Amino acid sequence: MSPNDWVPPQEWFASRPKNLAAACALFTDPSGRVLVVKPHYRDHWLFVGGQLDEGETPEQACRREVKEEIGLDVELGDLLVVDWTQATAERPFPLLVFIFDGGTLDPEQIRLDRDELVEFRFLPADEARRLLSVNGQRRMPVALEAKRTGTTMYRSNG
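The following paragraphs examine the structure supplied in this document. (Residues numbered from 1 in each chain as written. Predicted model: local features only at pLDDT ≥ 70, side-chain atom pairs only at ≥ 80, totals over all residues. Heavy atoms only, no water.)

1. With respect to the packing of aromatic side chains
Convention followed: Note on ring pairs: Phe, Tyr and Trp rings are taken, using the six-membered ring of Trp, and paired if centres are within 6.5 Å. Classes follow the plane angle, with under 30 degrees stacked, over 60 edge-to-face and the rest tilted. In this scheme, a residue with accessible area under 20% of its type's maximum is buried, one over 50% is exposed, and one in between is partly exposed, where area comes from a 1.4 Å probe on protein chains only.
Taken as a whole and assessed by the stated rule, the structure comprises one aromatic pair. Between F120 and F122, the ring centres sit 6.3 Å apart and the planes meet at 85°, which makes this aromatic pair edge-to-face. The exposure class of F120 is partly exposed, given its relative accessible area of 24%.

Spelled out as structure tokens, the structure:
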């Protein structure tokens, strides 16, 4: 690289590909049913969680989202899944999703944020899976298997 090829860092970073990142928690109840939540702004259900804010680690974002959405300040368990999903027409950037083990909750512990979420349900995995987006449907069994085996799993577009 010659001195004439030098690009200021701001310009170089601006030219780099962009990625979005999200973090969520897989919670179960004492019976092993999976917690899913229904936001006002989606036609499908989700795990508790959301997008990382600038400067947040995935763990920080997940804990913040859990506190905002269901009113609990939790210590997260193991990282279960890292999933990279390609850009789409609706989302022009790839998405990197981190799924943590949220542990076991009693439904009575949940204080739902009604400004963001319509409702929550603890459901058997098959029922919960049917309510999720296509990406959520492919992530759920991977997260449950990772929780069962204690092994973090990586997926790329499924």
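2. A look at the state of the cysteines
Stated precisely, the cut-off is as follows: We call a pair of cysteine sulfur atoms a disulfide whenever their separation is within 2.5 Å.
One pass over the structure, following the stated rule, counts zero disulfides. No disulfide involves C24; its sulfur sits 6.5 Å from that of C62, the nearest cysteine. Exposure remark for C24: the relative accessible area of 9% places this residue in the buried category. For C62, a relative accessible area of 0% translates into the label buried.

3. A few points about the pairing of strand 5 (residues 95-104)
Here is the rule we go by: Segments assigned H or I by DSSP are reported as helices when at least four residues long, segments assigned E as strands when at least two residues long, and all are numbered from the N terminus. A pair of strands is considered paired only if DSSP assigns at least 2 bridges between the two.
Burial analysis of strand 5 places eight of its ten residues in the buried class, which makes it a mostly covered element. Looking at chain direction, strand 1 (residues 20-28) and strand 5 are connected through nine bridges and run parallel. For T28, the partnering residue across the bridge sits in strand 5 and is T104. Alignment of strand 4 (residues 79-85) against strand 5, held across six bridges, turns out to be antiparallel. The residue of strand 5 that forms the bridge with L79 is F100.

4. Focus on the nonpolar core
In plain terms, the rule: Here, nonpolar core refers to any group of buried Ala, Val, Leu, Ile, Met, Phe, Trp, Tyr and Cys residues whose side-chain atoms link them within 4.5 Å.
F27, L35, V48, C62, V66, I70 and L105 are the most contacted members of the largest nonpolar core, which totals 21 residues. The element best represented in this core is helix 2 (residues 58-70), accounting for four residues. Judged by nonpolar contacts, the second largest core, of 20 residues, contains V36, L80, V81 and L95.

5. Side note on the environment of F47
Put simply, the rule is: Contact between two residues is taken to exist if any of their heavy atoms lie within 4.5 Å; hydrogens are not considered.
Among the structural elements, F47 can be located in the loop between strand 2 (34-39) and strand 3 (48-51). Counting along the chain gives 75 residues from F47 to F122, while the straight-line C-alpha distance between them is 11 Å. Filtering out sequence-adjacent residues up to four positions away, F47 remains in contact with C24, A25, L26, V34, L35, V37, I99, L132 and M140.

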